Each structure stands twice: as structure tokens, then as C-alpha cells.
Amino acid sequence: MTASVAIGGLGVSRAAPARAGVAGDAVRCDGVSVRFTTERGTVTALDGVSLTIRAGSFLTLLGPSGCGKSTLLRVIADLVAPSAGGVAVLGDRPEVARRNRDIGFVFQDAALLPWRTALQNVTLPLEVGGSAARPGKRSPQDLLKLVGLGGWENAFPHELSGGMRQRVAIARALVSDPKLLLMDEPFGALDEITRDRLNEELLGVWESTGTTIVFVTHSIYEAVFLSQQVLVLAARPGRVRELVDIDLPLPRQLGMRETPEFVRLAGRLRQILETC
Amino acid sequence: MTAQVTDTAMSGFVADAEEQARFLARKRQLLWRKRLLPLGAVIALLFLWWAAVVLFDIKPFIAPSPVAVVRVLIQRFDILMANLLPTAVESVCGFLLGNFAAIAIATVFVHKRTAEEAFFPIAVMINTIPVVAKAPILVLLLGNGMEPKIAIAALICFFPTLVNMVRGLQDVNPQSLELMRVLSASQREVFFKIRVQNSLPYLFSALKIAASTSVIGAIVGEWIGSTRGIGALIIQATYAFDTPLLYATIAVGSTFSACFFGVIGLIERRVVKWKSERAH
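Residues numbered from 1 in each chain as written. Chains lettered and ligands numbered in written order. Predicted model: local features only at pLDDT ≥ 70, side-chain atom pairs only at ≥ 80, totals over all residues.

*Asks:* Quick one: what's the story with unusual backbone geometry, residue by residue and with numbers?
*Replies:* Residue and element names in this part refer to chain A. With an omega dihedral of -10°, the bond running from Arg236 to Pro237 counts as a cis peptide bond. Each neighbour pair has its own omega, and for Leu250 with Pro251 the value is -10°, a cis peptide bond. Its place among the elements puts Pro251 in the loop between β9 (239-245) and α9 (260-274). Backbone geometry places Glu185, a non-glycine residue, at a positive phi of 45°. Tracing the backbone shows Glu185 in the loop between β6 (180-184) and α7 (192-209). A positive phi is found at Arg236, a non-glycine position, where the angle reads about 45°. Relative to the assigned elements, Arg236 resides in the loop between β8 (229-234) and β9. (Helix = DSSP H or I, 4+ residues; strand = E, 2+ residues; numbered from the N terminus.)

Next comes the structure, spelled out in C-alpha cells:
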């Protein structure tokens, strides 16, 4: 696979954490609560969650299952309406951001349309949504190259491995140059080797696109390796436990996971999770 | 030395020309085996049938020998084809009508939940009436021409297609729907880009069932007050104790049914080129 080479080549060295061209807050949540009504009664998925995500940053939502991290991501994406509290995405209602195609979403199981080829899956956002559809700076072909799938344009999803399908999904999410990329456990179903490689590549994509990324995971190592900040959520009901700054230098390589600083941060997150 | 090592290392994955040829020959052999085995079984069964008729001296009107059936197939080919034509027209028309109605109603059901709740039980009830019971009612309603036969063929196709189509349109990956919402897609786009595409494999399994059942529907329709068609010929041959003709008629009807099924299968292969992600 040539993927790591393709993306590694794009690795732009980052001078400062706050990048040029992006300013202010990408996401603001203010006392967000979400309650679902099920057959067994009302379930509180999120209870008074407040957070601010800087534009251009990489924030990970970490927590045990049932802590509402996917729900929080869906509230930001305007897929779930909060029962209480306010949400602002890029300074406006989430719906406005969605209609402007400022939000890209990567699902847990890639959610490719099996009847479309890799390239046709990437071009889907340009075909639907009427006036919302707007092409980004990069062509769909270039995006497939960016995620290391040059030459696989005409392959159907069933011909691709799990990791390759997830790469197509990332390319699809980037096709309209979203200012905010939301990722819901995108590598959760992959084997560890593929997952490590995609983690490295994702940092490359983040650096080359300059987009804000909110990433959901239940892997401590993934959270430390990828993020600038980790928001730990506690379960039942889902609420903010602690916001941890990850001040590891950029660019990051997988070998960094053996450094004392990395181990210390991972240990700290585990301690917090134990009390969740 | 290095070359040799590479050779040995590679042989497990990329075969040399000789190995490749052996592999292809084996593949061809297996393919022929798959084709020839059922053919051999058919020939063996025909031989057994013939032997039994000769050995036990069975009267032709009880069970004719395969030779007698083939003779009728050749000698009375004109009559058989003249009777196949109306049956073919009725079953194909019924197939088109029944499936078109099923697809249209499935579309309405998916968009209007109330309609599904109100009418689906009625569709189930109509489906529980046996074809032989529906046939006389439709003949009384629609007369003696082709119409009641087409109606029966259509009714018999309708239900499996309706059920499969509703499932195919509804049984969509929920993340695909969330994706379409993130993309601010309209209901129409969700229907055509997701639901219709998703329903195609379901639709084609129903169409393949319908291809053979529509022929059965037309034949059953012809049993009641008809003078032409495979169904009418079956009744006439039975009453005349012309059993070789009866067998030949059945053979013609089945062959047509199998061809109809085959055509739908060919269309399916051209339309549905992908495999379900979930079956993966």
C-alpha cells in the first residue's frame, strides 16, 4: 500500500498550533442535554455538556460506552436536536453550517453506497443537496490520491478492504472542503496495524487541509496520539469529566507512543476513565 | 542464487506458466463437471423412466414413455406452439402489470406509513385466497378472454414483489440516511439515490419468483372456460386420455417458464453489479 507515502509527502511542518486563516471557535456547546424517549422510559444521553472547540484544532471525545460521545457528535452535526442548551457551529446554528456544507461526517462503518464505485462515492456530496452542493479546492480524484487510493477509482466497496473503505469515506467527507470534520469511531472496526497507519495519515490530512477535527474513540492511545485536546466524558448520564491538553509536539510519528511523555498522558487519561 | 531464492519464494503466490496452465485446466474441468453432472442425471432418469415403462408394460395413457413424449413434441409442434402463444402473452402481460402495481404501491407505502397500515392487511388477505379460488371469481368478473388470465397472473406476481420491494426500500443502512441528512439531501434524492438502488437486489429476487409464478397463474386461469393456451391443452389432453400430449404440454410450459426466469436473471446480472456491503 502506498498510502502512507502519499500522505506523508504532504506533511506540512506546523510552526504554531494556531494556524493562519482560522480564527475563533469552531464549536460552542452551552449546557447541552439530550433525552431520548424509549419503550422503557426516558434516557438521558447527555446532561448539561458545555465545551468550546478552537478552530483548526483536533479534539477527541473519549469515554466508556454509553457516555454519549456519538450523541454529542450528532448534536454538532445537526443529526440530533438537543433537548436543552445551545449549540453554535462556526458562530451559527448547526443547521446553517450543515446547509453550507461546512460539516463533514465520517461514520463508524464507512457507510459507502455499495452500488457506487470509490470515485462515485466521493462525488456523491456534489450531486445532492441542491444549492448546498459545492465543490472544494481538491477534485475527487485528488482526494482519493490524498487518502492513498489513486488507481482504485473504479473499485466497488465490496472489492475494498475495511481500511480502504474508511479512506474513501474520509475522501468523501473532505470533498466540499468542510471547516469541521466529525469522525465517529472511524477506525474502531479495523485491525491494529491498519488503524495505526490510518492514525498517522489522518494527522497528515489534518495538517494539509487545516480543518477542525472532532474525533470520537474509546481508545486511549488513539486519543493521545491524534489530539491536541481530549474531552473525557462520564457515562449515565453523559457529562463532561475533564478536558485534558495533549501538549505533544507536531508532527507526530507512531514511535512517539513509547516516549515517557506519551505514557504519562495515557496513564493520566486511564486514571480519569477509571473514575467515570 | 538470489534468483533461485526469489523463484522459490514466489512459487507459493505467483505461479509460473506451467503451473498457471494446470490451474486453468483444472478450473475448466470443474466448470464442465458442473455442467455435465446435472445433464447426466437427467439422461439417467429419462432412461430409468423409459426402462420402467417398457419393463412393467405400463399403458401409454397412464404413463407414456419419454420416446412417445418426444414424438408428440416433434409431430404436434404446431399445436403446442399455437397454444403456448396465448399463455406466453398472458403471463408476460400479467407479470408486467402485477409487478408494476406492486412497485408503485410499495413506493406509496414507504412514503405514507398510514397507507401501509391501512392496506397491507388487505393485501395479505387477498394473498391467502388460493389461485384456484380466485380464478373463477375473476372469470365471472372479466369474462372469457385473456383479461382474467392476465389478472390472475398479475395477482400472483403482485404479493411477493410488494413485500420484497417494501423491504428493499425500507431496509436501508441508517448511516446512509444520516449521511444524506448531513449532505442536506431532499426526500426525492434520498429515494432515488439510496432507497431505489438499495431495493434492486430485493426486487430482482421477487421478479425471478414472479417469472415462474406468472406462467402458473396464466395456466390456472386457462383451466376455467378457455379453449386456447397451455392450460386449456392440459385439460383437453387429460379428458381425452392423450397422456403423451399432456406430458409434452407440461414440458413446453416448463421450458417457457425456465426461459422467462433465465431472461430476468440475465437482466439482473447487467443491472446489479455490486454486492451488499453487509453481506460482505
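Still more ground to cover, so stick around.
*Asks:* Requested: an account of the interface of chain B and chain A, with residues and values cited.
*Replies:* Listed as interface residues are 20 residues of chain B and, on the opposing side, 21 residues of chain A. Those elements that place two or more of their residues in the side of chain B that touches chain A are α8 (174-182) and α9 (187-223) of chain B. Per element, the largest residue contribution to the side of chain B that touches chain A is seven residues, and it comes from α8(B). Partitioned by chemical class, the residues of the side of chain B that touches chain A number six nonpolar, eight polar and six charged. (Contact = placed C-beta atoms within 7 Å. Nonpolar A, V, L, I, M, F, W, Y, C, P; charged D, E, K, R; others polar.)

*Asks:* Outline the domain arrangement of chain B, supporting the account with residue identities and numerical values.
*Replies:* Taken domain by domain, chain B consists of domain 1 (2-55) and domain 2 (66-271). Taking only C-alpha atoms, the centre of domain 1 of chain B and the centre of domain 2 of chain B are 37 Å apart. (Domains from an automatic or database assignment.)

*Asks:* I'd like a rundown of the environment of A:Asn121, residues and numbers included.
*Replies:* Residues and elements named next belong to chain A. The topology assignment puts Asn121 in helix α4 (residues 118-127). Spatially, the C-alpha atom of Asn121 lies 7.9 Å from that of Ala169, the residues being 48 residues apart in sequence. In this view, Asn121 contacts Leu112, Leu113, Arg116, Val168 and Arg172; residues no more than four positions away in its chain are not counted.

*Asks:* Let's hear about the nonpolar core: which residues, and what values?
*Replies:* Looking at soluble globular proteins, one finds that nonpolar side chains tend to be buried together. Formed by 88 residues in total, the largest nonpolar core has its most connected members in A:Ile76, A:Val168, A:Ala171, A:Leu182 and A:Val214. In contact with A:Leu182, not counting residues within four places along its chain, are A:Leu73, A:Ile76, A:Ala77, A:Ile103, A:Gly104, A:Phe105 and A:Val214. Of all hydrophobic cores here, the second largest spans 37 residues; its members include B:Phe109, B:Leu138, B:Ala206 and B:Ala211. (Core = buried A, V, L, I, M, F, W, Y, C linked by C-beta atoms within 7 Å. Buried ≥ 20, exposed ≤ 12 C-beta atoms within 10 Å, placed from the backbone.)

*Asks:* How would you sum up the sheet that holds strand β1 (residues 25-38) of chain A? Please name residues and give values.
*Replies:* All names here are of chain A. In spatial order, the strands read β2-β1-β4; together these three strands make up an open sheet with antiparallel pairing. The two strands at the open ends of the sheet, each matched to only one other strand, are β2 (41-54) and β4 (84-89). Sheet twist, expressed as the mean angle between neighbouring strand axes with direction ignored, is 20°. In terms of strand pairing, β1 meets β4 through five bridges, oriented antiparallel. When the bridges of β4 are listed, Cys29 appears paired with Val87. (Pairing = 2+ DSSP bridges. Axes fitted to C-alpha atoms, helices over the stretch in contact; angles between N-to-C directions.)

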